[in-house]
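Chain by chain, the residues:
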Amino acid sequence: MGTSLTPEFWERFVLLLFAAMGVTIVLTAFFDALALRIARRRAKTPPTPPTAQVRPRPAVKHDRTPVRH
């Protein structure tokens, strides 16, 4: 049961191929612009100030003797 590919098939194939390519390009451009807008918005926000003053760590006492000499 061999079927040949008719000219109507190729016309529809090319039409669907270009339609799929167009949709892909438009969606890619849309999501790229959306990601760029989000990245720029995050870059504009000022850094958050520290809520509390950081206290220095206490000095460490070395009361233990080393295992290896």
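These remarks concern the structure in this document. Every value quoted in this text rests on a predicted model; they were computed, and no experiment measured them.

Moving on, we come to the overall build of the protein. Helix and strand content of the protein: one helix and zero strands. Across the 69 residues in the protein, those meeting the buried criterion constitute 0%. When the accessible area of the protein is evaluated, it comes to approximately 7,900 Å², of which 65% is carbon and sulfur surface.

Summed over the entire model, instances satisfying the criterion amount to four aromatic pairs. Note on Phe 30 and Phe 31: the rings are 5.2 Å apart at their centroids and 65° apart in plane angle, and the pair reads as edge-to-face. Ring-pair connections join several aromatic residues into one group, and the members of that group are Phe 9, Trp 10 and Phe 13.

With that out of the way, let us pick up a positive patch on the surface. Where like charges cluster on the molecular surface, the positive patch consists of Arg 37, Arg 40, Arg 41 and Lys 44. Structurally, Arg 40 is set in helix H1 (residues 7–44).

On the surface, a cluster of nonpolar side chains totalling about 880 Å² of accessible area is made up of Leu 5, Phe 9, Trp 10, Phe 13, Val 14, Leu 17, Phe 18, Met 21 and Ile 25. As for its placement among the helices and strands, Ile 25 is situated in helix H1. Judged by relative accessible area, Ile 25 falls into the exposed class, the value being 57%.

Cut-offs and rules
- Residues numbered from 1 in each chain as written.
- Predicted model: local features only at pLDDT ≥ 70, side-chain atom pairs only at ≥ 80, totals over all residues.
- Heavy atoms only, no water.
- Helix = DSSP H or I, 4+ residues; strand = E, 2+ residues; numbered from the N terminus.
- Buried < 20%, exposed > 50% of the residue type's maximum accessible area, 1.4 Å probe, protein only.
- Areas by Shrake-Rupley, 256 points an atom, 1.4 Å probe, with all protein chains shown as cover.
- Phe/Tyr/Trp six-rings, centres within 6.5 Å; stacked < 30°, edge-to-face > 60°.
- Patch = residues over 30% accessible without salt bridge, like charges linked within 9 Å, V, L, I, M, F, W, Y side chains within 5 Å.
- Salt bridge = Lys/Arg side-chain N within 4 Å of Asp/Glu carboxyl O.
- Lys, Arg positive; Asp, Glu negative; His and termini not counted.
- Charge placed at Lys NZ, Arg CZ, Asp CG, Glu CD.

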